[in-house]
Amino acid sequence: MVMKIPTPGCFVNTRIIRDNFKRHMAAEAEAERKALKYIAYNMTVPVRARIQAQLKLATMPNYTRMNQPKNRCVVSGRGRAVLSDFKMSRHQFRMAAQNGELPGVKRATW
Amino acid sequence: MLVPRPSTQRMRQLLKTSCEVFQTVFNPDSIRTGNKILRKKMKGPAVISYYPIESPVKFRHIRAAYPMFEFPNTADEHRVAMNELYVVMSC
């Protein structure tokens, strides 16, 4: 039975769906990857097991890696210039901030 | 009074007992055990929760559940009004 990954509640586009999929897959495989890495790095374990663990780690699909998910803008789906505090791209952030939708955010003057 | 330094073996025994007493890990030769990988926290749940979950209850469900109340769908009404304007303008 294939588990369906929930659709995001924000703006949805192909890239966001792909990124969401990667996030779920990476989270699922995190424990396994951690265990394999531990075996590969453990010098008290026999060499053969270490090599096998390293190989298994290398052959695991790319979407299971924790460095694959990218923080995308939740409003526009943009991958660049995303402020992680707001989960928004710079232009969307600017529009929302000027509309007063972001609490405590005002133009910087000092 | 000068006491000769105890042998390495003896010092090792002491360290081992000390580790048992204070419940620390005994690794005097600094053998890489890979514990640094297990020590780190898992960040799966935090990574998944980046995108908000789609609400199972939508506007149309609320509208259907309470037919006696009027829930104006401002965005849709605006869209319909604009479409009518286009029709009028094109004639």
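Residues numbered from 1 in each chain as written. Chains lettered and ligands numbered in written order. Predicted model: local features only at pLDDT ≥ 70, side-chain atom pairs only at ≥ 80, totals over all residues. Heavy atoms only, no water.

Enquirer: Looking at this structure, I do not really get the confidence of the model for chain B. What am I missing?
Expert: Caution is warranted with low-pLDDT regions, since their predicted coordinates should not be read in detail. All names here are of chain B. On average, residues of chain B score 92 in pLDDT, and 100% of them reach the 70 mark or higher. Element-level pLDDT for chain B is lowest in helix H4 (residues 59-65), with a mean of 89, against a maximum mean of 96 in helix H3 (residues 44-48). In the predicted complex, the global pTM is 0.80; the interface-specific ipTM is 0.89. (pLDDT = per-residue confidence, 0-100. Helix = DSSP H or I, 4+ residues; strand = E, 2+ residues; numbered from the N terminus.)

Enquirer: Honestly, a nonpolar patch on the surface in this entry has me stumped. Any pointers?
Expert: There is a patch of nonpolar side chains on the surface, built from Val57(B), Ile62(B), Tyr66(B), Met68(B) and Phe69(B) and spanning about 540 Å² of accessible area. Residue position: Ile62(B) is located in helix H4. (Patch = residues over 30% accessible without salt bridge, like charges linked within 9 Å, V, L, I, M, F, W, Y side chains within 5 Å. Areas by Shrake-Rupley, 256 points an atom, 1.4 Å probe, with all protein chains shown as cover. Salt bridge = Lys/Arg side-chain N within 4 Å of Asp/Glu carboxyl O.)

Enquirer: Teacher, can you tell me more about the interface of chain A and chain B here?
Expert: Interface size, as often reported, equals the accessible area lost upon joining of the parts. Across the boundary between the two partners, chain A contributes 27 residues, which contact 20 residues of chain B. A combined buried area of about 2,100 Å² lies between chain A and chain B, and 68% of that area is made up of carbon and sulfur atoms. On the surface where chain A and chain B come into contact, there are zero salt bridges. On inspection of chain A and its partner chain B, the count reaches 11 residue pairs in polar contact (both at pLDDT 80 or more). Ranked by residue count, the leading element in the side of chain A that touches chain B is helix H1 (residues 14-41) of chain A, at 12 residues. (Contact = heavy atoms within 4.5 Å. Buried area = accessible area lost by both parts, 1.4 Å probe. Polar contact = N/O pair within 3.5 Å; in protein donor to acceptor, adjacent residues only side chain to side chain.)

Enquirer: Where do I start with the pattern of salt bridges in this structure?
Expert: Residues and elements named next belong to chain B. The tally for this structure, following the rule as stated, stands at five salt bridges over all chains. Lys58 is the salt-bridge partner of Glu54, the closest N and O atoms lying 3.2 Å from each other. Classification of Glu54 as partly exposed rests on a relative accessible area of 36%. Residue Arg79 pairs with Asp76 through a salt bridge whose shortest N-O separation is 2.9 Å. With Arg79 and Asp76 both in helix H5 (residues 74-90) and three residues apart, the pair spans about one turn of that helix. Assessed through its relative accessible area of 31%, Asp76 is described here as partly exposed. (Buried < 20%, exposed > 50% of the residue type's maximum accessible area, 1.4 Å probe, protein only.)

Enquirer: Just to check I follow, could you spell out unusual backbone geometry for this structure?
Expert: A negative phi angle is the norm for most residues apart from glycine, just as the trans form is the norm for most peptide bonds. Residues and elements named next belong to chain A. Residue Ala81 is not a glycine yet carries a positive backbone phi of 55 degrees. A positive phi angle is found at Lys87, which is not glycine, with a value near 55 degrees. By the secondary structure assignment, Lys87 is in the loop between strand E1 (82-83) and strand E2 (88-89).

Enquirer: Is there a simple way to explain the packing of aromatic side chains in this structure?
Expert: Both the distance between ring centres and the angle between the ring planes are used here to describe each pair of aromatic rings. Evaluated as defined, the whole model comprises five aromatic pairs over all chains. Between Tyr66(B) and Phe69(B), the aromatic rings sit 6.4 Å apart at their centres with planes inclined by 50 degrees, giving tilted as the arrangement. The class of Tyr66(B) is partly exposed, set by a relative accessible area of 43%. Judged by its relative accessible area of 53%, Phe69(B) is exposed. Taken together through their ring pairs, the aromatic side chains of Tyr66(B), Phe69(B) and Phe71(B) make up a single cluster. Between the NZ or CZ atom of Lys87(A) and the centre of the ring of Tyr50(B), over which it lies, the distance is 4.9 Å. (Phe/Tyr/Trp six-rings, centres within 6.5 Å; stacked < 30°, edge-to-face > 60°. Lys NZ or Arg CZ within 6 Å of the ring centre and 35° of its normal.)

Enquirer: Help me out: how do you make sense of the state of the cysteines in this one?
Expert: In protein chemistry, a disulfide is the covalent bond that joins the sulfur atoms of two cysteines. Counted under the stated rule, the structure contains zero disulfides over all chains. No disulfide involves Cys73(A); its nearest neighbouring cysteine sulfur is the one of Cys10(A), lying 8.7 Å away. (Disulfide = S-S within 2.5 Å.)

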